[in-house]
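# Coordinate analysis (summary)
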Amino acid sequence: MSRDASRETVIALVGNPNTGKTSLFNALTGSKQHVGNWPGVTVEKKEGFIQHKDRKIRLVDLPGTYGLRAKSEDEKIAKNYLLDAESDVVLCVCDSTNIERNLYLLLQLREMGKNTVLALNMADEAEKKGIKIDVDLINESFGVTAIKTVATRKQGTKELLQASLLAESQKNEDFAISYGEVIDEALSDITKIIPKTNLRSNLRYLALRLLEGDSDIEKLVDEKTLTLTAKLREKIEKLYDDDISSLVAEARYKYLSSIIQKAIRRTNTEVSWSDKLDRIFTHKKLGIPIFLLIMFLVFQLTNTLSAPLVEWIENGFAYLSEITNTALTNVGIDGVWSSLISDGIIAGVGSVLTFLPQIALLFLGISILEDTGYMARVTYLMDKIMQSMGLSGKAFIPMILGFGCNVTAVMASRTLETKEDRILSILANPFISCSARLPVYVLFTGAFFPKHQGLVLFLIYLLGIIMAIFTSWLFKKILFKGKSSPLVMELPPYRLPSFKNTWNQVAGRVQTFLTKAGTVILGASVIIWALATLPSGVEYASEASLLGRIGSLIAPLFSLAGFGTWQAAAALSFGVLAKEVVVTSLAVLFSTSEAGLPAILPMHFTSASALSFMVMSLLYMPCAATLGAIKRETGSRKWMILSMVYSLVIGLVLSVLVYQVAIRLGW
Amino acid sequence: MNKSVYLSLMNSGQKGTIQAIDGGERAHARLLDIGFYEGETITIIENSFNGPIIVRLGSASNKIALGMGLAQKIMVLPA
């Protein structure tokens, strides 16, 4: 790819996980990408554009990575980008409170020959913790320009852009550290014969990677170079009685520690309040009960606080429907078209929009939990349970994203190292209850369990988590008997959530939801309305309509679960388009009544079948977008079909079970 | 003279210096990248002997949760 004439400057954002890269990306570009105080939130590269004075800048946010050896998919994205794509400047983001760890990546970027600017992010926190950083010494030692930043408050962003543009125009100094005489000599021997590649890296760094046995780079060089590196590697490993990767890493850490000793001073060593909090939240016995309690409170608060808002919206739509009807009649439009607008569009889209307050509030809660760093502790807690079932606790990280949207969660499985773990996580993830399913539960709990709405919601979500874990366990047993990748995860200190970030998360979620309401849900409403109207002449939304016939065909499948009506069957079928459509379908089908859905549902469902219907909606099938993501991420249709069949079976079995138990309890 | 022990067997509150890291290439590389290397000081924050162990490397403010499987591969010389 060649540079276009307008001279766009490309800056790549690189850094360890959870250093605030995405916050910085958002601060620099004004975007609203998802951030959280836990590692592994960004799994894709994201681009943004900045106009700084007369310069056009393209900023590329890469997934967080500790090193450049690339083990998981998301880390590969970062490594490959740095080696293959052109970036004029690399902006290395580091967490100032954790700077000793972060310099390891900076060192490698400089060895690669990257023109680097260092963002010393979270500078305010470092100051509070009494961490003194000698910026000049860092600059001098690494040949970089370091700028203190506080991304969440947009501090230092201008200076960062200026430094980056300046770095682009200046000559990039060579940088190399010594690995001891023997290795240094080997590196210089390899650099002499290494063939020309398109990789954007210093030859010495490539030689080092070859010596370490990087298979991606080995593919690009000739036989002669490979023979030489193999010979040298063997000689060195024999001489030091250690593998080359350890030797290299230890040399780097040694070099870093000499700089760290001079450049960084920690004046405050008392036990932080963060450590004190951890004694409670990661407690061996109380940790899990506390997590469950917190989740329960989130659902309880979501319901209590949103109730008045929901009522306003409901009344608003009832009024809108009424005046539209009157207006349409007045201008002489009635019959089919009036029905399309009020029974189809207003009822269908409106039924889902009613749940906007719940979705916004639930995400307020989740976003606060993410921002504080609590979600990282949850992963730690879950690892105990998951390890005992032979699974990796790391697989829980993508699941947390699943509460928002299963598509993102399926993509986040990239953070897992082995293909087996990724597939397990991808198959398990759709059971995590995403925000699209919330309207179904809220509707049914409101109509059937008004006194225990929070509790029932909590149980449904819990069932989702349990089924996800069960699924990973089951497929692990059947398909992949090997060991799961062990957990290594940083636990960042607890932080107060930033208002702006929380607002961005919630606003982003609301926006996505509204967009979906205006597109997929609107479209589905029209289709469902049409199917309920055709063939012409039938009574609207009757069993004789096309929709009635489709529903009746499927309905017997659900009779043991207690909701074998054609309406329920039709709602579930169309719910595959998007889970909110389950509610939309019911609304369109029952819209002829004045009373509204919550009043009419008890005519078609009992408490027991309402419960089993919610269980079915949770489990029965990933939505179309998630199925697409499964196919993309696994690279095969096979896993997608497996996921469809498996979840349908699980959904049926559990909803039948729930219904049969419930009726025996006399519900 | 202290003898080095497996990290997995150390108690909460104990400190030490990393002596050796075994384990396959993959696990080893990940541990090195995240900051476990011979000579680094390590503090055990929480070890419940059932589930992952929480440690602090050097004086970093981030702690690290480490699965038992990995903790069994790290030899530490208690201080």
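What counts as what
Residues numbered from 1 in each chain as written. Chains lettered and ligands numbered in written order. Predicted model: local features only at pLDDT ≥ 70, side-chain atom pairs only at ≥ 80, totals over all residues. Heavy atoms only, no water. Buried < 20%, exposed > 50% of the residue type's maximum accessible area, 1.4 Å probe, protein only. Helix = DSSP H or I, 4+ residues; strand = E, 2+ residues; numbered from the N terminus. Contact = heavy atoms within 4.5 Å. Pairing = 2+ DSSP bridges. Axes fitted to C-alpha atoms, helices over the stretch in contact; angles between N-to-C directions. Domains from an automatic or database assignment. Buried area = accessible area lost by both parts, 1.4 Å probe. Salt bridge = Lys/Arg side-chain N within 4 Å of Asp/Glu carboxyl O.

## Re helix H19 (residues 419-428) of chain A
Residue and element names in this part refer to chain A. Most of H19 sits out of view: eight of its 10 residues are buried. For H19, the full list of buried residues reads Asp421, Arg422, Ile423, Leu424, Ser425, Ile426, Leu427 and Ala428. Against the buried residues of H19 lie helix H2 (73-84), helix H17 (396-402), helix H18 (406-412), helix H21 (453-478), helix H28 (624-634) and helix H29 (637-664).

## Regarding unusual backbone geometry
Residues and elements named next belong to chain A. Cis peptide bonds are those with omega within 30 degrees of zero, and the linkage from Leu534 to Pro535 qualifies with -15°. By the secondary structure assignment, Pro535 is in the loop between helix H22 (499-533) and helix H23 (546-554). The phi torsion at Asn18 lies on the positive side, around 60°, for a residue other than glycine. Inspection of the secondary structure assignment puts Asn18 in the loop between strand S1 (8-15) and helix H1 (21-29). Positioned with a positive phi, Asp241 is a non-glycine residue whose angle comes to about 55°. With respect to the helices and strands, Asp241 occurs in the loop between helix H10 (223-240) and helix H11 (244-263).

## Considerations on the sheet that holds strand S9 (residues 488-491) of chain A
One open sheet accounts for seven strands, arranged S9(A)-S5(B)-S4(B)-S3(B)-S2(B)-S6(B)-S1(B); its pairing is antiparallel. The open sheet has two free edges, formed respectively by S9 of chain A together with strand S1 (5-6) of chain B, since each of these has just one partner strand. Packed onto the sheet, helix H16 (residues 374-388) of chain A meets S9 of chain A together with strand S3 (41-46), strand S4 (53-57) and strand S5 (63-66) of chain B and runs at close to 145° relative to S9(A). Its contacts with the sheet place helix H1 (residues 25-34) of chain B against S9 of chain A together with strand S2 (15-21), S4, S5 and strand S6 (74-78) of chain B, and it is angled at close to 15° to S9(A).

## A word on the domain arrangement of chain A
Residues and elements named next belong to chain A. By the assigned domains, chain A splits into domain 1 (8-169), domain 2 (181-266) and domain 3 (287-483 + 504-664). Contacts between the two partners involve 31 residues from domain 1 and, on the opposite side, 26 residues from domain 2. Roughly 2,500 Å² of surface becomes buried between domain 1 and domain 2 when both sides are summed, with 55% attributable to carbon and sulfur atoms. At the surface where domain 1 touches domain 2, the tally comes to four salt bridges.

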